[in-house]
Amino acid sequence: QQQVKQSPQSLIVQKGGIPIINCAYENTAFDYFPWYQQFPGKGPALLIAIRPDVSEKKEGRFTISFNKSAKQFSLHIMDSQPGDSATYFCAASKRAGNMLTFGGGTRLMVKP
Amino acid sequence: DVKVTQSSRYLVKRTGEKVFLECVQDMDHENMFWYRQDPGLGLRLIYFSYDVKMKEKGDIPEGYSVSREKKERFSLILESASTNQTSMYLCASRRQPPNYGYTFGSGTRLTVV
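Below is a short write-up of the structure. It should be emphasised that the depicted structure is a prediction, and the values quoted were computed from it without experimental measurement.

Description of the side chain of His76(A)
All names here are of chain A. When you line up the elements, His-76 lands in strand β8 (residues 72–77). Given the relative accessible area of 17%, His-76 is considered buried. Looking at His-76, its side chain comes within polar contact range of the side chain of Ser-74, at 3.2 Å. Residues in contact with His-76, not counting those within four places in the same chain, are Ile-18, Pro-19, Ile-20, Arg-61, Phe-62, Thr-63 and Ser-65.

Describing the packing of aromatic side chains
Applying the stated criterion across every chain yields a total of 21 aromatic pairs over all chains. When the ring of Trp35(A) is compared with that of Phe73(A), the centres are 5.7 Å apart and the planes differ by 70°; the resulting orientation is edge-to-face. Here the residue Trp35(A) occupies a position in strand β4 (residues 33–38), and Phe73(A) occupies one in strand β8, the gap between them amounting to 38 residues. For the pair Trp35(A) and Phe73(A), one class covers both residues: buried. Here the aromatic rings of Tyr35(B) and Tyr102(B) are separated by 6.4 Å at their centres, their planes lie at 50°, and the arrangement is tilted. Here Tyr102(B) lies in the loop between β9 (87–94) and β10 (103–104) and Tyr35(B) lies in strand β4 (residues 31–38), a separation of 67 residues in the sequence. With respect to burial, Tyr35(B) and Tyr102(B) carry one shared label: buried. Members of the aromatic cluster, connected to one another through ring pairs, are Tyr36(A), Phe89(A), Phe102(A), Phe33(B), Tyr35(B), Phe48(B), Tyr50(B), Tyr102(B) and Phe104(B).

Some words on the nonpolar core
Counting 24 residues, the largest nonpolar core has Phe33(A), Trp35(A), Phe73(A), Leu75(A) and Tyr88(A) as its most contacted members. The set of elements that each furnish at least two residues to this core consists of β2 (10–14), β3 (20–25), β4, β5 (45–50), β7 (62–67), β8, β9 (86–92) and β11 (106–111) of chain A. Non-local contacts of Phe33(A), meaning those with residues more than four positions away in its chain, are made with Tyr25(A), Ile48(A), Ala49(A), Ile50(A), Pro52(A), Ile64(A), Phe66(A), Phe73(A), Ala91(A) and Ala92(A). Grouped together as the second largest cluster of nonpolar side chains are 21 residues, Val4(B), Trp34(B), Cys91(B) and Val112(B) included.

Thoughts on the sheet that holds strand β3 (residues 19–25) of chain B
Residues and elements named next belong to chain B. Overall, antiparallel pairing links the four strands, which are arranged β1-β3-β8-β7 in an open sheet. A single partner strand is all that each edge strand has here, and the edge strands are β1 (4–6) and β7 (64–70). Strand after strand, the sheet turns through a mean of 20° between neighbouring axes, direction not considered. Pairing of β7 with strand β8 (residues 73–78) involves five bridges; the strand directions are antiparallel. The partner of Val-66 across the bridge, within β8, is Leu-76.

Rules and cut-offs
Residues numbered from 1 in each chain as written. Chains lettered and ligands numbered in written order. Predicted model: local features only at pLDDT ≥ 70, side-chain atom pairs only at ≥ 80, totals over all residues. Heavy atoms only, no water. Helix = DSSP H or I, 4+ residues; strand = E, 2+ residues; numbered from the N terminus. Buried < 20%, exposed > 50% of the residue type's maximum accessible area, 1.4 Å probe, protein only. Polar contact = N/O pair within 3.5 Å; in protein donor to acceptor, adjacent residues only side chain to side chain. Contact = heavy atoms within 4.5 Å. Phe/Tyr/Trp six-rings, centres within 6.5 Å; stacked < 30°, edge-to-face > 60°. Core = buried A, V, L, I, M, F, W, Y, C linked by side-chain atoms within 4.5 Å. Pairing = 2+ DSSP bridges. Axes fitted to C-alpha atoms, helices over the stretch in contact; angles between N-to-C directions.

Structure follows, in structure tokens:
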């Protein structure tokens, strides 16, 4: 049973485009939603995270949008660059500090 | 720079072999985790450990066991490797809550033939 569903599985955009990765969750007890970035040959690294008391969070070119009523959150990458090509995972937990449940991952390719 | 080190990047083992995957962290973290990563399935938790000699089953513990005799080391054991255990295995560590940042190792790609 996958409690966090992520889409799309893969995504190709041109440099400067705005890729959007979506996640939906089922458990209303989730209240911490991080995104991880994984480059080939490396482990995932925390990119950005949001709590449900805000609808949007920005860090540099990365933005999380959160819709509590729809139980959905998404990652937007502004002015995407080839160096952003990686696999992105969304995740959720019931409290910051509890176990993370991961989505299935999205492989992003940004073409020059 | 903090580190989680997995002993092998690539392993090839035969069906039925006993396999040990080793993970060491140098951050004095209490919590350690083993995940497997498969395309389209994301990261699935196999086992985790809150502290030395303590372990808890994750979502997919069948066919695996773990050992944590020292705080810095968390081992994943495949008692009798099978082809469906061919996967990427990721180790992670974290301080006790309320800290929540996971630090991952680079992974071990295991192929069982």
